[in-house]
Amino acid sequence: MVRIALVFPELLGTYGDGGNARVLARRLEWREIAHEVREVSMDDVLPGADVYLLGGGEDGPQRLAVELLREGGLVERVRDGAKVFAVCAGLQILGERFAVEGDDEFPGLGLIDAVTRRGPERRVGDIVIRTGAGDEGLVVGFENHGGVTTLAPGIASLGTVARGYGNDGRVDGVRTREVWGTYAHGPVLAMNPGLADALLEDVLGRPLEPLPGVADELHLARVRATRPTA
Ligand code: GLN
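Residues numbered from 1 in each chain as written. Predicted model: local features only at pLDDT ≥ 70, side-chain atom pairs only at ≥ 80, totals over all residues. Heavy atoms only, no water.

Caption draft 1: Highlighting the environment of L54. Within the secondary structure, L54 is located in strand β3 (residues 51-54). Residues L54 and L6 lie 48 residues apart in sequence; the distance between their C-alpha atoms is 6.7 Å. Setting aside residues up to four positions removed in sequence, L54 forms contacts with V7, L12, L69, V84, F85, A86, V87, G90, I93 and L94. (Helix = DSSP H or I, 4+ residues; strand = E, 2+ residues; numbered from the N terminus. Contact = heavy atoms within 4.5 Å.)

Structural data, given as C-alpha cells:
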C-alpha cells in the first residue's frame, strides 16, 4: 500500500499543486498498485505516509505551514524513511532558513542544507529544467516566486535551468535521498509523467514498467512549445 499525503492544501495549494497527488494515484491505479491519498488539513494530526506532497503558497500561509509541520513531526517521519516531494514554498520551508517578505529570515525544517533569501525581483514564467538526456529529460513547468535558494556545496539539485530561473538562475530544486524539490508548478507531475514515475520508483524502491500514453505526447508537445533558450 503506497500512502500519499497531500499536506495542507488550504495553505500550500494556491498553485494547483494538489494535482500532483491525483497524478501519482492515477499512475499507481493504472499499474494496479494499491495506494491511498490522504488530504491532510491544518487541523489534522500528520498521518504516517510513504510520500508527503507539499505545494506552493503565499508568504503568510508558508510561515504557518512550517510551524505546523515542525510540531507535526514531518522531520521524524522522513528520518523513518518517508519521501517528500515539494514545490516552491514547500521546497523553501524544507531548508535551514528562508526569507519571505522583507529580509526577515525564518527557521525551516532543516531537511535540506539550503537557504532561501529574497531576490531582487519576482520570477514569473515558464521554467524548463534539464534532469536527464534528450527531450524526455526536460521538465517543464511554471514558476512564480520571490525567493532565491542556495544549496550547500555537495547538495544535488533536481537539474540545470534551461529556461527560467529556478533556485538561482543556474539550477532548480533539490534531490537528496529523502527529498525531491522544484520551483515548477503545473502541477508538475501532470506535465511531466517521467518525473512522476521517477518519484514513484523511488517511493516503491523498484523500477516500474513505462506507461506510454497521451501524457507523454503532451509532455513532448510542451517541451517543443517551451524550447529552451539556453
Ligand atoms: N512565497 C514564496 C516566494 O514568493 C513561494 C511562492 C510559491 O510557492 N509560488 O518565494
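Caption draft 2: Representation of the side chain of E143 within the structure. Among the secondary structure elements, E143 is positioned in strand β8 (residues 138-151). Buried and unpaired, E143 has no salt bridge, with R123 as the nearest side chain of opposite charge at 7.1 Å. Of the polar contacts made by the side chain of E143, one reaches the backbone nitrogen of G166; its length is 2.9 Å. Aside from chain neighbours lying at most four places away, what touches E143 is R123, V124, G125, D126, I127, G164, Y165, G166, Y183 and H185. (Buried < 20%, exposed > 50% of the residue type's maximum accessible area, 1.4 Å probe, protein only. Lys, Arg positive; Asp, Glu negative; His and termini not counted. Salt bridge = Lys/Arg side-chain N within 4 Å of Asp/Glu carboxyl O. Polar contact = N/O pair within 3.5 Å; in protein donor to acceptor, adjacent residues only side chain to side chain.)

Caption draft 3: Here's a closer look at the site of the ligand. Close contacts around the ligand come from 15 residues, with D59, Q62, C88, N144 and G147 the closest. At a separation of 3.0 Å, an oxygen atom of the ligand approaches a polar backbone atom of A89. At a separation of 3.2 Å, a nitrogen atom of the ligand approaches a polar side-chain atom of H185. About the coverage of the ligand: the protein hides 100% of its 290 Å² of free accessible area. Among the cavities detected, the one that contains the ligand is the largest cavity. Among the secondary structure elements, those contributing two or more residues to the shell around the ligand are α2 (59-72), α4 (89-92), β7 (114-130) and β8. The element that contributes the greatest number of residues to the shell around the ligand is β8, accounting for four residues. Of the residues in the shell around the ligand, the class split is three nonpolar, nine polar and three charged. (Near = heavy atom within 4 Å. Areas by Shrake-Rupley, 256 points an atom, 1.4 Å probe, with all protein chains shown as cover. 1 Å grid on protein atoms, 1.4 Å probe; cavity = no way out; pocket = protein on both sides within 12 Å on 5 of 7 lines; lining within 4 Å. Sits in = over half its atoms within 2 Å of the grid points. Nonpolar A, V, L, I, M, F, W, Y, C, P; charged D, E, K, R; others polar.)

Caption draft 4: Structural view of the environment of T182. Position of T182 relative to the elements: it lies in strand β12 (residues 179-182). With a relative accessible area of 1%, T182 lands in the buried category. Put simply, T182 and V87 are 95 residues apart on the chain and 5.1 Å apart in space, counted from C-alpha to C-alpha. When residues no more than four places from it in sequence are discounted, the contact partners of T182 are F85, A86, V87, C88, L91, I129, L158, D172, G173 and V188. For T182, the side chain forms a polar contact with the side chain of D172, separated by 2.6 Å.

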